[in-house]
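Analysis of the macromolecular model
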Amino acid sequence: MSLGVRWTLHGDGKTPAPGAVVRPDERLSWPRTFGLGAQHVVAMFGASFVAPVLMGLDPNLAIMMSGVATAIFLLATKGRVPSYLGCSLSFVGVAATIRASGGDSATVTGAVLVVGAALFLVGLAVQRFGARIIHAAMPPVVTGAVVMLIGFNLAPVTASTYWPQDQWTALLVMLFTGLAVVCLRGFLSRIAIFLGLVFGYLLSWVLDLVFGKIHSPAGGAEAVDHWRLDLSAVGQADWIGLPSFHAPAFEWSAILVALPVVIALVAENAGHVKAVGEMTGDPLDDKLGTAIAADGAASVLSTAVGGPPNTTYSENIGVMAATRVYSTAAYWAAACFALLFGLCPKFGAVVAAIPGGVLGGITVILYGMIGLLGAQIWLNGRVDLRNPLNLVPAAAGIIIGVGGVSLKITDNFELGGIALGTLVVITGYHVLRAFAPAHLKTQEPLLDAGTSAYDEGAGTVDGAEPGAKPGDSGKPGDGTKPGDGGKPGRSERA
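A brief look at the structure comes next. Please read these numbers as outputs of a predicted model, since none were measured by experiment.

Counted under the stated rule, the structure contains three salt bridges. D166 is the partner of R228 in a salt bridge, and the nearest nitrogen-oxygen pair spans 3.2 Å. Residue R228 is located in the loop between β5 (223-226) and α11 (232-236), and its partner D166 is located in the loop between α7 (155-162) and α8 (167-183); the two are separated by 62 residues in the primary sequence. Considered together, R228 and D166 belong to a single accessibility category, that of buried residues. When salt bridges that share partners are traced, they join D166, D208 and R228 into one network.

Spelled out as structure tokens, the structure:
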């Protein structure tokens, strides 16, 4: 049985002919393939090392496990879905909420491991019953509201933790990053967050040289004198070594906070698979369940050793769109590079030294983009917010999620924020729909535009011959992941 690890040489292996496409089962010469792999690693760096820093996890381990996750994904999909799996920004708000409640890194990774397991089960269900089950449970009004409240729930983290550490650096980084996102073109626009981090890093170094230490909070409530950029740990770190591993811990309160992110991950994966299928011309309806399950399995493995969860990255879709090279050999090369980076503790120390003010400027844009991508899902799905059936559950859930409203169940257990907001959106929508008059339930389509093409082949079981042509509703990236600014292929984008 083929595992998708054999490739035929495309042409002469050098430069493809004008308009030619290098398909997933083809490759260029190995030097060029490894060069493309390095480009894919650079593309995913922006979010993949920011996310673990924001979650309080080891960036070295995150990068290394992203390579492992990518290998698992490529093997599971038998090389038909060229994709890179990097650290998911969807869990940043979850990690902040868990830590604010007294949880540590083990509690965070334990909660996220359960989410990965749930995602794996969703993938198996999609393989068995088709994508219609996703559409029935999570129409665009629900998916958009959950993504929105996850993003906007992060606002207090920026306002109270990062921005106060160095407000002027944060302001300049925000302005630079905004200009980079809007004004740059092509590949550079897809690594705008990464460029903003580099700019902030250098700016903090220059400000330290010119003005000396700053008096502000530095990871705590007390204002102290400190360097903006502290590189002391970099000099002490080894060049070669294993990252820091830890076992997960499981607490029901943390798990309930994290579980709603499953909705965002399903939407991300579905949109990603649809986008890749349209780009390669290979209908991938039959691989949707496998892709979701592989993402879940890779996240379980990563979090089991103390790493962050992973998800498909459309920054890498941008690289494929620019180069028209869809070879999975390049992704295998990228996975190898990620493994090597993960074994360099000095690299992790450089990442961990990112100044708080720089993160303040980045997260102002990044968290807002995550939230507003929920609105983009509404637009793509043509959700009518004049309809009270849509408006009421979405409005209530978003205010609960953003405002941190809580519901005390017992003396030791309460629901609040993301978990309670998501519960209100999902249950509120379906309960109200059950009792609503017929004229309020006639809005079409109820399917997410990012995944509606799969409905034609909803009965297709994973592994069977594709039974439907890609739909023409929506465009690549409709179900994308929080943070990519609405660029083709993803919603999470950094």
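Still more ground to cover, so stick around.
A few words on the packing of helix α2 (residues 59-76) against helix α17 (residues 345-352). At a minimum axis distance of 8 Å, the contact between α2 and α17 shows a crossing angle of 120 degrees. Accordingly, the angle class assigned to the pair α2 and α17 is oblique. In contact with P59, N60 and I63 of α2, α17 contributes P345, F347, G348, A349 and V351.

One finds M55, Y367 and W378 to be the most contacted residues of the largest nonpolar core, which totals 95 residues. In contact with Y367, not counting residues within four places along its chain, are L54, V92, G151, F152, L154, V157, T158 and Y162. Core analysis: the second largest hydrophobic core is formed by five residues, V22, L36, V325 and A330 among them.

Phi angles above zero are rare outside glycine, and K78 is one such case at about 55 degrees. As for its position among the elements, K78 is in the loop between α2 and β3 (85-87).

The grouping of V198, L202, W205, V206, L209, V210 and F211 at the surface amounts to a nonpolar patch, some 720 Å² of accessible area in total. Structurally, the position occupied by L202 is in helix α10 (residues 192-211).

Rules and cut-offs
- Residues numbered from 1 in each chain as written.
- Predicted model: local features only at pLDDT ≥ 70, side-chain atom pairs only at ≥ 80, totals over all residues.
- Heavy atoms only, no water.
- Salt bridge = Lys/Arg side-chain N within 4 Å of Asp/Glu carboxyl O.
- Helix = DSSP H or I, 4+ residues; strand = E, 2+ residues; numbered from the N terminus.
- Buried < 20%, exposed > 50% of the residue type's maximum accessible area, 1.4 Å probe, protein only.
- Axes fitted to C-alpha atoms, helices over the stretch in contact; angles between N-to-C directions.
- Parallel < 35°, antiparallel > 145°, perpendicular 65-115°, else oblique.
- Contact = heavy atoms within 4.5 Å.
- Core = buried A, V, L, I, M, F, W, Y, C linked by side-chain atoms within 4.5 Å.
- Patch = residues over 30% accessible without salt bridge, like charges linked within 9 Å, V, L, I, M, F, W, Y side chains within 5 Å.
- Areas by Shrake-Rupley, 256 points an atom, 1.4 Å probe, with all protein chains shown as cover.

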